[in-house]
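Take a look at the letters that make up each chain.
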Amino acid sequence: QVQLVESGGGSVRAVGSLRLSCAASGVIFRIKTMGWYRQAQVKQRELVAAIPTDGDTNYADSVKGRFTISRDTANNAVYLAMNSLKPEDTAAYYCKVTTTEVGLQGLVDYDFWGRGTQVTVSS
């Protein structure tokens, strides 16, 4: 079982910045991808950014040019630098990791979620 611990959320004014951090712990065979999702009130959860172990980073169109995702592979950590924040960025942000584990039937992928960290941007 993988545990994700998030930090860095808070309240800022528009055009301000925040940096979210997430560290994964537990028994991990391999991390396939790590990313950030967000869910605002009366909204569906959406992908913000993801950074696969093998592949290119991807961002939601709404955050391109403003957010930067990065990883510390050695420490199973992922970060999200958020700049030029807008009120519409207000949401609960969730760290997600997809791991590949050795199961009874072979290699199996699993998704794990953090508890979420609130980001509130005021105008």
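What counts and how
- Residues numbered from 1 in each chain as written.
- Predicted model: local features only at pLDDT ≥ 70, side-chain atom pairs only at ≥ 80, totals over all residues.
- Heavy atoms only, no water.
- Helix = DSSP H or I, 4+ residues; strand = E, 2+ residues; numbered from the N terminus.
- Buried < 20%, exposed > 50% of the residue type's maximum accessible area, 1.4 Å probe, protein only.
- Pairing = 2+ DSSP bridges.
- Axes fitted to C-alpha atoms, helices over the stretch in contact; angles between N-to-C directions.
- Patch = residues over 30% accessible without salt bridge, like charges linked within 9 Å, V, L, I, M, F, W, Y side chains within 5 Å.
- Areas by Shrake-Rupley, 256 points an atom, 1.4 Å probe, with all protein chains shown as cover.
- Salt bridge = Lys/Arg side-chain N within 4 Å of Asp/Glu carboxyl O.
- Polar contact = N/O pair within 3.5 Å; in protein donor to acceptor, adjacent residues only side chain to side chain.
- Phe/Tyr/Trp six-rings, centres within 6.5 Å; stacked < 30°, edge-to-face > 60°.
- Lys NZ or Arg CZ within 6 Å of the ring centre and 35° of its normal.

(A) Up close: unusual backbone geometry. With a phi close to 60 degrees, valine 42 is a non-glycine residue in the positive phi region. Tracing the backbone through its elements, the reader meets valine 42 in the loop between strand E4 (30–39) and strand E5 (46–52). A relative accessible area of 84% places valine 42 in the exposed class. The phi dihedral of serine 84 falls on the positive side, at around 50 degrees, and the residue is not glycine. Residue class for serine 84 comes out partly exposed when judged on its relative accessible area of 40%.

(B) Structural view of the sheet that holds strand E8 (residues 77–82). If you trace the four strands from one edge of the open sheet to the other, you get E1-E3-E8-E7, paired in antiparallel fashion. Edge strands, defined here as strands with exactly one partner in the open sheet, are strand E1 (2–7) and strand E7 (67–72). Mean inter-strand twist for the sheet, computed between neighbouring axes without regard to direction, equals 15 degrees.

(C) Quick look at a nonpolar patch on the surface. Together, Phe29, Val102 and Leu107 give the surface a local cluster of nonpolar side chains, amounting to about 350 Å² of exposed area. Along the polypeptide, phenylalanine 29 turns up in the loop between strand E3 (18–26) and E4.

(D) Here's a closer look at the side chain of threonine 100. By the element assignment, threonine 100 lies in strand E9 (residues 91–103). Polar side-chain contacts of threonine 100 include one of 2.7 Å to the side chain of aspartate 109.

(E) How the structure looks around the packing of aromatic side chains. A full pass over the atoms with the stated rule returns two aromatic pairs. Judged by centre distance (5.0 Å) and plane angle (65 degrees), the ring pair of tyrosine 37 and tryptophan 113 falls under edge-to-face. Placement of the pair is tyrosine 37 in strand E4 and tryptophan 113 in strand E10 (residues 106–113), with a sequence separation of 76 residues. For tyrosine 37, a relative accessible area of 19% translates into the label buried. Overall, the relative accessible area of 36% leaves tryptophan 113 in the partly exposed class. Relative to phenylalanine 112, the ring of tyrosine 110 has its centre 6.4 Å away and its plane inclined at 40 degrees; by these criteria the two rings are tilted. The ring of tyrosine 79 has arginine 19 sitting right over it, with the charged end atom 4.2 Å from the ring centre. For the cation-ring pair, arginine 45 lies above tryptophan 113, with the distance from its terminal atom to the ring centre recorded as 4.8 Å.

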